[in-house]
Amino acid sequence: MEDTTVKLLGNKGSPYSHRAEVALRLKDVKFEFLHEDLAHKSDMLLRHNPIHKKVPVLVHGEKPIAESLIVIEYVDEAFEGYNILPSDPYERAMARFWARFIDDKVIPAFWMSCWTDGEIQKGFIAQSKETLTTLQRQLEGKKFFGGDSIGLVDLAGCMIAFWFAVLQEVAGINLLNEEDYPVLCRWAEDYCSVRAVSESLLDKNILVAFFASKKEKIFATKAPVYD
Ligand SMILES: N[C@@H](CCC(=O)N[C@@H](CS)C(=O)NCC(=O)O)C(=O)O
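None of the values given here were measured: they were computed from a predicted structure. Each chain carries its own residue numbering, running from 1 in the written order of its sequence. Side-chain atom pairs in this predicted model are given and counted only at pLDDT of 80 or more, local residue features only at pLDDT of at least 70, and totals for whole chains, interfaces and linings cover all residues. The basis for every side-chain value is the complete set of non-hydrogen atoms in the structure, without hydrogens or water.

Quick look at the state of the cysteines
Any cysteine sulfur atom paired with another within 2.5 Å is treated as part of a disulfide. Tallied over the full model, the rule gives zero disulfides. In this model Cys158 remains outside any disulfide bridge; the closest cysteine sulfur is found in Cys192, 8.9 Å from its own. Distance from the sulfur of Cys185, which forms no disulfide, to the nearest cysteine sulfur (Cys192) is 11 Å. Cys185 gets classed as buried once you look at its relative accessible area, which sits at 13%. Using a 1.4 Å probe on the protein chains alone, a residue whose accessible area is under 20% of its type maximum counts as buried, one over 50% counts as exposed, and one in between counts as partly exposed.

Structure below.
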């Protein structure tokens, strides 16, 4: 008989892992969450994602799927129920465009704004403000990027909705705030209160403590630190 079990190799502290987990919860897929300690990766992770060695990896039966945005699309296509991507081809293309914009532009500029200082930081803060303003414009007149319910771009933006507040608190900056980004902040609250999302999130204080304990190392390397 064909193996149809679903396993998610993930880590609750990872926004990329969160994307995959919420996708499965939205679809009501029964899955086993296999926690990965990223300082000591399991053989299963290394075997299933030998190229990037990162979470998330979805394992459907014997088949591994890596890279969070690809996992979301796979989950949307492989399982019935909730539609994460729009059915209209143009709308799908636009959702993919904005999800990529978040990964390629919004996250890197914000991350570097947190872990640099002086003139270099000023440059990243300017970039970050521009990307957040551009993204906020996409939300005008809508509850979620996906419309009335969350979709691909909302999942892609989970780091903005939850992790950015943690990072800026630890870094001591105040980039994403109510005054400058009222629409994004309202969206962040709405996103975090969707059940599939809140069930997947760690307590914010745990994340603050985690990043605070790694602050100097991250500042020095500009990269996430897992050990
Ligand atoms: N582009 C990847 C990024 C995934 C990623 O960066 N995962 C991190 C956790 S937040 C990871 O597993 N890092 C382990 C490592 O870099 O060694 C995706 O979208 O899935």
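A few points about the pattern of salt bridges
Think of a salt bridge as a Lys or Arg side-chain nitrogen and an Asp or Glu carboxyl oxygen that are within 4 Å of each other. Taken as a whole, this structure holds 13 salt bridges when the rule is applied. With its nearest N and O atoms 2.7 Å apart, the salt bridge here joins Glu21 to Lys12. By relative accessible area, Lys12 is classed as partly exposed at 26%. A salt bridge links Glu199 to Arg195; the nearest nitrogen and oxygen atoms lie 3.1 Å apart. Looking at Glu199, the relative accessible area reads 40%, which means it is partly exposed. Residue classification places Arg195 among the exposed residues on the basis of a relative accessible area of 63%.

Some words on the side chain of Arg19
Helix numbers and strand numbers start at the N terminus; a helix is a DSSP run of H or I with at least 4 residues, a strand a run of E with at least 2. Secondary-structure assignment places Arg19 in helix α1 (residues 15-26). Of the residues examined, Arg19 reaches a relative accessible area of 1% and is grouped as buried. Contacts described as polar in this section are N or O atom pairs within 3.5 Å, which, within protein, must combine one atom able to donate a hydrogen with one able to accept it, while residues neighboring in sequence count only if both atoms come from side chains. A polar atom in the side chain of Arg19 sits 2.9 Å from the side chain of Ser68. If we skip the residues at most four places from it in the chain, Arg19 touches Ser68, Leu69, Ile72, Ile102, Asp103, Ile107, Leu155, Ala156 and Cys158. Contact criterion: two residues are considered in contact whenever any of their non-hydrogen atoms come within 4.5 Å of each other.

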